[in-house]
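Remarks on the overall topology
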Number of protein chains: 2
Amino acid sequence: MVVMTRWLNPDEQRTWRAFLTASRALMDTLDRELQRDAGMPHAYYEILVRLSEAPGRQLRMSDLAEAAGSSRSRLSHAVARLETAGWVRREECPTDRRGQVAVLTDDGFATLAAAAPGHVEGVRRHLFDALSPAQIDQLRGISETLAEHLTGS
Amino acid sequence: MVVMTRWLNPDEQRTWRAFLTASRALMDTLDRELQRDAGMPHAYYEILVRLSEAPGRQLRMSDLAEAAGSSRSRLSHAVARLETAGWVRREECPTDRRGQVAVLTDDGFATLAAAAPGHVEGVRRHLFDALSPAQIDQLRGISETLAEHLTGS
DNA sequence: GCCGTTTAGTTGAGCCTTCAATCATCGCGG
DNA sequence: CCGCGATGATTGAAGGCTCAACTAAACGGC
């Protein structure tokens, strides 16, 4: 069966390319800043954030992967690295012998607290400062729609 | 001098997290599809696209890096890989002895042509199909604003 | 024409991510 | 209570990205 490709029209094309350029530039910039100022990539920062917000500053590996939008494998490697940095500690899960719990150490929390202001400032400068209040609203709507669309299917 | 951190308010927080989730999920999905169907990551696909659109299907390395939103180093590595795949060829630049010109081969063009329909379909399914016409307009506005803000500074 | 600076591009080391394979444990149907 | 598919997590190899260092050629002033 032959399926005709639904090509992008010029408007969609323009939208897609602008989105690619913008999101890549934004992420690259924030990643570079975080690496420079806090010595960790954005993905690792997010792991620490999620842990810091969890009750007891700890989460099961799977839940942490889900929360941080990471694959299990990636999280395993990442936590291994964070552990050698002394920012996270692994513990056995009391209710499931297969499970592991990642715990944010005091050192990790302190590192996060030190990195947060600079990073937030970066997000503000590179993202929010450029957009009007209306655009920020729109971006939230679009992002939430998309997030549901993508993680739902 | 002490600078107060301009923390994100709850709305901004929500926007930022949704954006992170959505853009990461979108890119991960498209990257995985492209890797599976065409044997290359999205960054490489984009290099081929830019080359295919250039006059003579060729571009100076620097211009290609700029067009593809890539660092010079990344592009060097990428083109090296694309060259061993037989999709791109390097030539001396006639007007600047320091320069190199990346040329899309027929093989590369054919590979791109084979990959494009599937990829475009993915972009449509994962992005445009989820958004209303109004949202698509908004996304273009936001992305273009952002792209200028980020690449201008 | 010469020297210092800028620009073009490459390279290698180190780190991060992905993929597939693996291992252990859990929980359910019979 | 046993077997087996599903689940939780890790591992290693392969490949991509970043950073800093480096080479070579062009440019600009004098």
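So, how was this worked out
- Residues numbered from 1 in each chain as written.
- Chains lettered and ligands numbered in written order.
- Predicted model: local features only at pLDDT ≥ 70, side-chain atom pairs only at ≥ 80, totals over all residues.
- Helix = DSSP H or I, 4+ residues; strand = E, 2+ residues; numbered from the N terminus.
- Rg over C-alpha atoms; globule rule 2.2 N^0.38 Å.
- Buried ≥ 20, exposed ≤ 12 C-beta atoms within 10 Å, placed from the backbone.
- Contact = placed C-beta atoms within 7 Å.
- Least-squares fit on C-alpha atoms with pLDDT ≥ 70 in both.
- Near = placed C-beta within 6 Å.
- Nonpolar A, V, L, I, M, F, W, Y, C, P; charged D, E, K, R; others polar.
- Axes fitted to C-alpha atoms, helices over the stretch in contact; angles between N-to-C directions.
- Left-handed = near helix turned anticlockwise from the far one by under 90°.
- Expected span 1.5 Å × (residues − 1).
- Arc of directions from axis to C-beta.
- UniProt positions renumbered as here; feature names shortened; annotations may be inferred.
- Pairing = 2+ DSSP bridges.

Going by what an unreviewed UniProt entry lists, chain A is known as MarR family transcriptional regulator and is assigned to Micromonospora parastrephiae.

1. Describing the overall build of chain A
Within chain A, the regular secondary structure consists of six helices and three strands. Going residue by residue from the N terminus, the α and β elements of chain A occur as α-α-β-α-α-β-β-α-α. Here the C-alpha atoms of chain A give a radius of gyration of 19 Å, more than 25% beyond the 15 Å that 2.2 N^0.38 yields for 153 residues. Among the 153 residues that make up chain A, the fraction classed as buried is 30%. In chain A, the proportion of contacts linking residues at least 24 apart, taken out of those at least 6 apart, comes to 46%.

2. Examining the relation of the copies chain B and chain A
Between chain B and chain A, the superposition needs a rotation of 180° and an axial shift of 0.0 Å, giving an RMSD of 0.0 Å. Viewed as a symmetry operation, the transformation between the two copies matches a two-fold axis. A shared interface surface links the copies, since 100% of the contact residues of chain B are contact residues in chain A too.

3. Some details on the protein's contact with DNA strand C
Among the 28 residues in the neighbourhood of DNA strand C, the closest are listed as A43, S73 and R97 of chain A together with S62 and S73 of chain B. Of all the secondary structure elements, the ones that give two or more residues to the surface near DNA strand C are helix 4 (72–84) of chain A together with helix 1 (10–38), helix 3 (61–68) and helix 4 (72–84) of chain B. When residues of the surface near DNA strand C are assigned to their parent elements, the largest contribution, six residues, is made by helix 4 of chain B. A per-class count over the surface near DNA strand C returns seven nonpolar, ten polar and eleven charged.

4. Structural notes on the protein's contact with DNA strand D
Neighbouring DNA strand D are 28 residues, the closest being S62, S73 and G99 of chain A together with S73 and R97 of chain B. Counting residues per element, the ones that place at least two in the surface near DNA strand D are helix 1 (10–38), helix 3 (61–68) and helix 4 of chain A together with helix 4 of chain B. By residue number, the principal contributor to the surface near DNA strand D is helix 4 of chain A, which donates six residues. Broken down by class, the residue content of the surface near DNA strand D amounts to seven nonpolar, ten polar and eleven charged.

5. Quick notes on the interface of chain B and chain A
Facing the 42 residues of chain B at the interface are 42 residues of chain A. Elements that contribute at least two residues to the side of chain B that touches chain A include exactly helix 1, helix 5 (106–126) and helix 6 (133–152) of chain B. Here the side of chain B that touches chain A gets 15 residues from one element, more than from any other, and that element is helix 6 of chain B. Residues that form the side of chain B that touches chain A fall into these classes: 20 nonpolar, 14 polar and eight charged.

6. Thoughts on the packing of helix 2 (residues 42–53) of chain A against helix 3 of chain A
Residues and elements named next belong to chain A. The contact between helix 2 and helix 3 brings their axes to 9 Å, and the two run at 120°. For helix 2 against helix 3, the interelement crossing comes out right-handed. Residues E46, I47, R50 and L51 of helix 2 pack against L64, A67 and A68 of helix 3.

7. Comments concerning unusual backbone geometry
Residue and element names in this part refer to chain A. Backbone geometry places R57, a non-glycine residue, at a positive phi of 50°. Following the sequence through the fold, R57 ends up in the loop between helix 2 and strand 1 (58–60). Residue R57 is classed as partly exposed on the basis of its C-beta count, with 18 C-beta atoms lying within 10 Å.

8. Let's talk about helix 4 of chain A
All names here are of chain A. Here helix 4 spans 18 Å end to end across 13 residues, near enough to the 18 Å set by a 1.5 Å rise per residue. Among the residues of helix 4, those classed as buried are L75, A78, V79 and L82. With its buried residues spanning 100° around the axis, helix 4 presents them on a single face. Facing away from the buried side of helix 4, by more than 90 degrees, are the exposed residues S73, H77, A80 and T84. Of the surrounding secondary structure, the elements contacted by the buried residues of helix 4 are helix 2, helix 3, strand 2 (88–92) and strand 3 (100–104). Remark: G86 follows helix 4 within two positions and exhibits a positive phi of approximately 85°.

9. Digging into the UniProt feature "domain: HTH marR-type" (unreviewed entry) in chain A
The UniProt record marks residues 12–148 of chain A with the feature "domain: HTH marR-type" (unreviewed entry), using the residue numbering of this structure. Regarding residues 12–148 of chain A, the helix share stands at 71% and the strand share at 9%, and the terminal C-alpha atoms are separated by 21 Å.

10. As for the sheet that holds strand 1 (residues 58–60) of chain B
All names here are of chain B. Ordered in space as 1-3-2, the three strands form an open sheet in which the pairing is antiparallel. Looking at which strands have only one partner, the edges of the open sheet turn out to be strand 1 and strand 2 (88–92). If you compare each strand with its neighbour and ignore which way they point, the axes differ by 25° on average. Pairing of strand 1 with strand 3 (residues 100–104) involves three bridges; the strand directions are antiparallel. Pairing of L59 across the sheet is with A102, part of strand 3. Sitting on the sheet, helix 3 touches strand 1 and strand 3, and the angle it makes with strand 1 is about 100°. Strands strand 2 and strand 3 of the sheet are contacted by helix 4, whose axis makes an angle of about 115° with strand 2.

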